[in-house]
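# Coordinate inspection notes
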Amino acid sequence: MQRLLIRFFDFLFSLFGIVILLPVFIIIAFAIVVNSSGGIFYKQKRVGQNNQEFVVYKFRTMYEGSHELREKVMADTDKDPRLAKNPQDPRVTKPGLFLRRWSIDEIPQLINVLKGEMSLVGPRPPLAEEVNKYEKSENRRLLVKPGLTGLWQVSGRKEVTWTDRMAQDISYIENWTFAFDLMLVLRTIKSIVTGKGAF
């Protein structure tokens, strides 16, 4: 019953969000196009519930073709490549810096939520190459739908280590309730407003 309730909540919230934020989408799209060549959206295959792949949507925050340089950039800056984002990443465009700072680049994933591929709350959707390196216990992250936000996003966000992210995702799965999701959504709004731990 709670799963049906959260799906209903996800559908209504994502539909309402897309409609309300449409004017913002247009402004962001213009800023992206005039500052660098390439598309407005960045589309990438991610792994979802039960190891099913799907295409995730984000506003493009990097220069075209930057994903191929990911491992090199992370290695040059001495960062764990599994953490993906880096505050000194030279691949990020000027609008991209702002979009990432306030987590606006993730807004198009409301489309994924509307389609039922994601939920508002859950573990972040990993890349297939990350899943291939999972420890056996870490595969439990794939038992639920990935989410726009989750437990570690409101516990330091980009400051949280890979090990802590895994532990918090597993804790979320083991203690999940609809009320817990609502609490995490409220805490996420607070984290975005303050910008704590974001880049």
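No experiment lies behind these values; they were computed from the predicted model shown.

## Some remarks on helix 6 (residues 162-174)
With 13 residues, helix 6 extends 19 Å from end C-alpha to end C-alpha; this agrees with the ideal 18 Å at 1.5 Å per step. Burial in helix 6 covers these residues: Trp162, Arg165, Met166, Gln168, Asp169, Ile170, Tyr172 and Ile173. On its buried side, helix 6 packs onto strand 3 (119-121) and helix 7 (178-194).

## Thoughts on the packing of helix 1 (residues 2-35) against helix 7
It is at 10 Å that the axes of helix 1 and helix 7 come closest, and there the two elements cross at 30 degrees. Viewed along their axes, helix 1 and helix 7 adopt a mutual orientation that is roughly parallel. Of the residues in helix 7, those touching helix 1 at Gln2, Leu5, Ile6 and Phe9 are Phe178, Asp181 and Leu182. Among the residues forming the contact of helix 1 with helix 7, the class breakdown is five nonpolar, one polar and one charged.

## Description of empty space enclosed by the protein
Applying the stated criterion across every chain, the model contains one cavity of 30 Å³ or more. Around the largest cavity sit Val47, Gly48, Gln49, Pro123, Arg124, Pro125, Pro126, Arg141, Leu142, Val144 and Pro146, which together line it. Broken down by class, the residue content of the lining of the largest cavity amounts to seven nonpolar, two polar and two charged.

## Here we look at unusual backbone geometry
If you check the backbone angles, Asn50 has positive phi at about 60 degrees while not being a glycine. Topologically, Asn50 is positioned in the loop between strand 1 (41-47) and strand 2 (53-59). A positive phi is found at Asn51, a non-glycine position, where the angle reads about 65 degrees. Tracing the chain through its elements places Asn51 in the loop between strand 1 and strand 2.

## Examining the pairing of strand 2
Of all seven residues making up strand 2, five are buried, and the element is well covered by its neighbours. In terms of strand pairing, strand 1 meets strand 2 through seven bridges, oriented antiparallel. When the bridges of strand 2 are listed, Tyr42 appears paired with Lys58. The hairpin turn running from strand 1 into strand 2, its antiparallel successor, is five residues long, and Asn50 in that turn takes a positive phi close to 60 degrees.

## Quick notes on the environment of Met62
Tracing the sequence through the fold places Met62 in the loop between strand 2 and helix 2 (70-76). Residue classification places Met62 among the buried positions, given a relative accessible area of 14%. Separated by 34 residues in the primary sequence, Met62 and Gly96 have C-alpha atoms spaced 6.4 Å apart. Not counting residues within four places of it along the chain, the set of residues in contact with Met62 comprises Asp89, Arg91, Val92, Thr93 and Arg100.

Quick notes on the rules
Residues numbered from 1 in each chain as written. Predicted model: local features only at pLDDT ≥ 70, side-chain atom pairs only at ≥ 80, totals over all residues. Heavy atoms only, no water. Helix = DSSP H or I, 4+ residues; strand = E, 2+ residues; numbered from the N terminus. Expected span 1.5 Å × (residues − 1). Buried < 20%, exposed > 50% of the residue type's maximum accessible area, 1.4 Å probe, protein only. Contact = heavy atoms within 4.5 Å. Axes fitted to C-alpha atoms, helices over the stretch in contact; angles between N-to-C directions. Parallel < 35°, antiparallel > 145°, perpendicular 65-115°, else oblique. Nonpolar A, V, L, I, M, F, W, Y, C, P; charged D, E, K, R; others polar. 1 Å grid on protein atoms, 1.4 Å probe; cavity = no way out; pocket = protein on both sides within 12 Å on 5 of 7 lines; lining within 4 Å. Points joined across faces, edges and corners; volume = space filled by probe spheres on them. Pairing = 2+ DSSP bridges.

So, to be careful, I would describe these as geometric facts and stop short of saying anything about function.
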